[in-house]
Amino acid sequence: MTCSQTSLKSLNTFGLSVSAERIVYAHNTETLIESWQANQNKPWLLIGGGSNMLFLDDFDGTVVVNQLKGMSIEQNQEEWLIHCAAGENWHEFVALTVKEGMAGLENLALIPGTVGSAPIQNIGAYGVELKDVCAYVDILDLNRNKTMRLTNKECLFGYRESIFKHQYQQGYVITAVGFSLTKHWQPNLSYGPLNSTETPLLTPQAIFDKVCEIRRSKLPDPAKIGNAGSFFKNPIISTQDAEAIKRHYPNAPFYPQCGNLVKVAAGWLIDQAGLKGYKADHAGVHPQQALVLINLGDAQPEDLVSMAKHVRDTVFNKFAIWLEPEVRFIGRQGEVNAVETLS
Ligand code: FAD
Ligand code: EPU
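Residues numbered from 1 in each chain as written. Chains lettered and ligands numbered in written order. Predicted model: local features only at pLDDT ≥ 70, side-chain atom pairs only at ≥ 80, totals over all residues. Heavy atoms only, no water.

What to know about the site of ligand 2
Reasoning step 1: What surrounds ligand 2 is a group of 24 residues, the closest being Tyr 126, Tyr 159, Tyr 191, Asp 271 and Gln 289.
Reasoning step 2: Contact between ligand 2 and Asp 271: a nitrogen atom at 2.8 Å from a side-chain N or O atom of the residue.
Reasoning step 3: Here an oxygen atom of ligand 2 sits 2.8 Å away from a polar atom, N or O, in the side chain of Glu 326.
Reasoning step 4: Computed on the free molecule, ligand 2 has an accessible area of 820 Å², of which 80% lies beneath the protein chains in the complex.
Reasoning step 5: Secondary structure elements with two or more residues in the shell around ligand 2: β8 (124-125), α4 (204-218), β13 (226-230) and α6 (266-272).
Reasoning step 6: Looking at the shell around ligand 2, the element that brings in the most residues is α6, giving three residues.
Reasoning step 7: Residues belonging to the shell around ligand 2 are distributed by class as follows: eleven nonpolar, six polar and seven charged. (Near = heavy atom within 4 Å. Polar contact = N/O pair within 3.5 Å; in protein donor to acceptor, adjacent residues only side chain to side chain. Areas by Shrake-Rupley, 256 points an atom, 1.4 Å probe, with all protein chains shown as cover. Helix = DSSP H or I, 4+ residues; strand = E, 2+ residues; numbered from the N terminus. Nonpolar A, V, L, I, M, F, W, Y, C, P; charged D, E, K, R; others polar.)

Regarding the nonpolar core
Nonpolar side chains tend toward joint burial in soluble globular proteins.
Reasoning step 1: Core analysis: the largest hydrophobic core is formed by 44 residues, its most contacted members being Trp 90, Phe 93, Leu 105, Leu 130, Val 137, Phe 164 and Phe 179.
Reasoning step 2: Breaking this core down by element, the ones donating at least two residues are β7 (79-85), α2 (90-99), β10 (134-141), β12 (172-182) and α4.
Reasoning step 3: Among the elements that take part in this core, α4 stands out by supplying five residues, more than any other.
Reasoning step 4: Beyond its immediate chain neighbours, meaning those up to four positions away, Leu 105 contacts Trp 90, Phe 93, Val 94, Thr 97, Val 133, Phe 179 and Leu 181.
Reasoning step 5: With 39 residues, the next largest nonpolar core counts Ala 228, Leu 291, Ala 299 and Val 315 among its residues. (Core = buried A, V, L, I, M, F, W, Y, C linked by side-chain atoms within 4.5 Å. Buried < 20%, exposed > 50% of the residue type's maximum accessible area, 1.4 Å probe, protein only. Contact = heavy atoms within 4.5 Å.)

Here's what the structure looks like:
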């Protein structure tokens, strides 16, 4: 369905006033294919909730909003097997599974966006990543009008990484995700604040509620303050470089990784660089979570780009670490390289 409206303001959580030539709402795969074929060699962008993107300008082409809906549930003695269409809202899907007694997604509550986007950056929060619960991902090859199913292993999931950012990015649409939720549930309380509550969190609902409470206390609600969650990824550095930082900052939040590597909290780096709450023009660094860049009102894309550059340069000057954006940068013709845009 083509829509007469062309503003993208309500379709990106930064709330930027940009527009597209055309906006199409795709409720089925036929619409996706038709729209793709009608726009051969013209800019074409599929979006879910627009919660992980920064539009740099108006979009000179068609934006297709994924509205594929539906869900089916099977079970055996060991697990629940849920097949969920890509256009379903992620948080509503998580809330429904928890309410219906299918545990395993509770740590991933309140992440904005759609189910279909979740595998792309292997969404993660509070000790759980999508890869821990994903059985398969269905993708539609738009050029061949063919659907394929990728197993969890084939998705090549990593920290904020998957094959959908590479081989299966252009010309492919995620149409559904399959979840495998074990019936032998164990709470995942590996994230500190979930483990330090007065009353132990013993049920999926209690964890879901706590995760929502923590998130509401530090992450801005995009309906009120435009943002796209963590703007940068947490950088992964060598143990040697981490030790050098530790000498000056013994309490720095570092997370050891395989192979002599350490993940550093980017929010902490930005905070230590003195930028928490910093504002310039119509953009800012969130006062409760320095990793989140915010639209203070009528921000233009360039206000957020300047802010991101300033944050990135300041952190580099203090710690000799270059932050890489997690957020996807969208130019007039399609996605552009975020690091190059900020360099
Ligand atoms: P969009 O922003 O619409 O799209 C993202 C990218 O995926 C784009 O390149 C788009 O073209 C592509 N795409 C979208 N749908 C499809 C599809 N069906 N097939 C192929 N390509 C597609 N992320 C986390 O990992 N953990 C968090 O805790 C977290 N917290 C957040 C908190 C806030 C307040 C906000 C605003 C964001 C947060 N995010 C978090 C980031 C974001 O919510 C996730 O990345 C989410 O999965 C993006 O979903 P979306 O539907 O909005 O994707
Ligand atoms: N910190 C500070 N100052 C800040 C922000 C954080 O010192 O301003 C410190 C915290 O005290 C803590 C550490 O940095 O010791 C990590 O902070 P937090 O637990 O808030 O998590 P994060 O690393 O900033 C990551 C994800 C989030 C996810 C949370 C919870 C990335 C890039 N971000 O944030 O995901 O919700 O962990 O698991 O990995 C997103 O991707 O958009 C996102 C919000």
